[in-house]
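Close look at the chain arrangement
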Amino acid sequence: MKKILLPLLFIFIFIFESIFVQSLPAEVFHGERILVPHFLIIAILFLTLYGDSKQGILYGLSFGLLFDVVYTEVLGIYLFLFPLIAYICAKIMRILQTNIVVVSIISLLGVALLELGVYEMNFLINKTDMSFSFYAQYRLLPTLILNLTFIILFSYPLKRLSEKYVAYLNKEK
Amino acid sequence: MPQFFLNKRLIFLLISIIILVALIGFSLRDREELTVPEQFLKDTTGWIQNVFAKPQSYVSGIFGDLKDLQNTYSENKELKSRLDEMAKLEADVQQLTKENDELREILDKKETLRDYSPIQATVIGRNPDRWHELLIINKGKVNGIKANMAVVTANGLIGKVKSTQQFTSTVQLLSALDPTNRISAEIQGKEAGKESFYGTIEGYDEERELLKLKRIPFDAKIEKGQNVITSGLGGIFPEGLPIGKVVDVEPDEFGLNQTAYVKPGANFYDIRNVMVVKREMAQPDLSDMIDDEEEEL
């Protein structure tokens, strides 16, 4: 049971992102601001930073691929960015102390990196023609605020789960 | 320098960038169909999404009902005032359809571009990253859905089917930026008998949230509020699906054509149930339309 709890949670978050976007009231959407949930990368980062970085990168790889196939139909962008950001954050954490505030800030940084990376890539392959100033004001900022709320609400349960999962994996060995 | 290349991580990064570029290139190609593993993954997640979609639509339905209750009174007033017009309109429509059928029979012309058969579907997912405006619906090849079919809601056209799997399909919204996404459209004359103009819907203005209707003749006189419908001349969509209303007209950069900005009739954000529209009239074969004389030369 313990073994499949975390993968199940990840699958749930994966589906939940789409449900979230779909059931957000139309007014919030129809306003100019664009809110993008990046809950999956937050969960991956918590697993990387609190648990095992190898596990985190592995999860990043598999869920990145799933995200690309199911949601965007352009393979490669999330497949590349999820593990890369997990790796960068794991490197940053080596010089910082692991406490919940620092980890939260680093995951928010990870979300910002992901958003910027995806914007740049989509800009390069001509999937968007949004100007950077419009992007920063109406998309990046609201998105960061939304994900910060998510981090504040769920950082503690995510931390506990990741720690437990890794402790369980270690015991298995 | 040799040390620089011996760095394992750097080589790893370079290789992954090469793979990234190759994968993006592969998926941006004009693919007729997704690969089998992709279809399998999409169908599997589609199944899970289906499980979640039911309670989700139930809960959001309750909230929607509550919001509707708030403005029932004013809505009721407005609806009552329209009811009288409706009765007359209905009688007119019935008469016209009958007359139309009779005339058609005389002419012995059975099929029109207008005919289509709808397939009902429920939205079970939406792309959360919001760059590629894609929806996932719960009907697929088994139900007779094919790529490039038009997708409509009660209020108008919302997009086309991008790819299909066995049990689910992906819908691309009109608001997605895709240069291949062109729809032949007709601007109806304001009153009956007035001339209507043709153009193609190309692109979406993200900042103003309006569709761009390009290639309208420069001498066309277009006013605000004229209706825009699909013309059926593109060969894929049926005729007469409502798209929206003209908001603004501008001459294009060279002054040879005009560009109209169209406010879409359908809301692109609050979509739960859609209809996939299957055109009855045969699609023209592309090879028929291209002159093959050139090849003989």
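Everything discussed here concerns the structure shown above.
These remarks concern the structure in this document. Bear in mind the structure is a predicted one, so any value in this text is a computation, not a measurement.

Description of the overall build of chain A
Counting its regular elements, chain A contains seven helices and zero strands. Start at the N end of chain A and walk to the C end: the helices and strands fall as α-α-α-α-α-α-α. When the 173 residues of chain A are sorted by exposure, 55% land in the buried category. Here the contacts in chain A between residues at least 6 apart in sequence split such that 72% fall between residues at least 24 apart. By element, 69% of the accessible surface of chain A is carried by carbon and sulfur atoms, the whole surface being about 7800 Å².

Details of helix α2 (residues 8-28) of chain B
The terminal C-alpha atoms of α2(B) lie 30 Å apart, and with 21 residues this matches the ideal 30 Å at 1.5 Å per residue to within 8%. Along α2(B), the residues that are buried comprise B:Leu20, B:Ile24 and B:Ser27. Along the axis of α2(B), the buried positions cluster into a sector of 70 degrees, meaning they face one direction only. Along α2(B), exposed side chains directed more than 90 degrees from the buried face belong to B:Lys8, B:Ile18 and B:Val21. Residues of α2(B) that are buried make contact with α5 (77-93) and α6 (100-124) of chain A. A side-chain oxygen of the first residue of α2(B) lies 3.2 Å from the backbone nitrogen of B:Arg9; this N-cap is B:Asn7.

So, the pattern of salt bridges
Within the structure shown, the criterion is met by ten salt bridges over all chains. With a closest N to O distance of 2.5 Å, B:Lys42 and A:Glu73 form a salt bridge. Of this pair, B:Lys42 sits in helix α3 (residues 36-70) while A:Glu73 is found in the loop between α4 (53-72) and α5, placing the two residues in two different chains. Judged on exposure class, the residue B:Lys42 and its partner A:Glu73 are both buried. Of the charged contacts, one joins B:Asp92 and B:Lys88 as a salt bridge, the two residues approaching to 3.5 Å between their closest N and O atoms. Here B:Lys88 and B:Asp92 lie together in helix α4 (residues 72-107), a separation of four residues that amounts to about one turn.

Observations regarding the sheet that holds strand β10 (residues 242-251) of chain B
All names here are of chain B. Here we have six strands rolled up into a closed barrel, ordered β6-β7-β8-β11-β10-β9, and antiparallel in their pairing. Shown here is a sheet whose adjacent strand axes are inclined to one another by a mean of 45 degrees, direction ignored. As defined by bridge partners, strand β8 (residues 210-217) adjoins strand β11 (residues 257-264) across five bridges and the pair is classed as antiparallel. Bridge pairing in β11 places Pro217 opposite Asn257.

Details of the packing of helix α3 (residues 39-50) of chain A against α5(A)
All names here are of chain A. The geometry of α3 relative to α5 is characterised by a closest axis approach of 10 Å and an angle of 40 degrees between their N-to-C directions. Taken together, the axis directions place α3 and α5 in an arrangement best described as oblique. When the axes of α3 and α5 are compared, the crossing they make is right-handed. Residues Leu40, Ile41, Ile44, Leu45, Thr48 and Leu49 of α3 form the contact with α5, whose participating residues are Phe82, Ile85, Ala86, Cys89, Ala90 and Met93.

Quick look at α3(B)
Between the first and last C-alpha of α3(B) there are 48 Å, a value that for 35 residues agrees with the 51 Å anticipated at 1.5 Å per step. All of the buried residues along α3(B) are B:Glu38, B:Gln39, B:Lys42, B:Asp43, B:Thr45, B:Gly46, B:Gln49, B:Ala53, B:Gln56 and B:Ser60. Buried-residue contacts for α3(B) involve α1 (2-23) and α4 of chain A together with β1 (116-126), β2 (134-137), β4 (156-164) and β5 (169-173) of chain B.

Some words on the sheet that holds β5(B)
Residues and elements named next belong to chain B. Pairing is antiparallel in the closed barrel, where six strands are placed in the order β1-β2-β5-β4-β3-β12. Between one strand axis and the next, the sheet turns by 45 degrees as a mean value, whatever way the strands run. Sheet analysis places strand β3 (residues 150-153) next to β4, joined by four bridges and oriented antiparallel. Each residue of the ladder has a partner; that of Ala150, found in β4, is Lys160.

What counts and what doesn't
Residues numbered from 1 in each chain as written. Chains lettered and ligands numbered in written order. Predicted model: local features only at pLDDT ≥ 70, side-chain atom pairs only at ≥ 80, totals over all residues. Heavy atoms only, no water. Helix = DSSP H or I, 4+ residues; strand = E, 2+ residues; numbered from the N terminus. Buried < 20%, exposed > 50% of the residue type's maximum accessible area, 1.4 Å probe, protein only. Contact = heavy atoms within 4.5 Å. Areas by Shrake-Rupley, 256 points an atom, 1.4 Å probe, with all protein chains shown as cover. Expected span 1.5 Å × (residues − 1). Arc of directions from axis to C-beta. Polar contact = N/O pair within 3.5 Å; in protein donor to acceptor, adjacent residues only side chain to side chain. Salt bridge = Lys/Arg side-chain N within 4 Å of Asp/Glu carboxyl O. Pairing = 2+ DSSP bridges. Axes fitted to C-alpha atoms, helices over the stretch in contact; angles between N-to-C directions. Parallel < 35°, antiparallel > 145°, perpendicular 65-115°, else oblique. Left-handed = near helix turned anticlockwise from the far one by under 90°.

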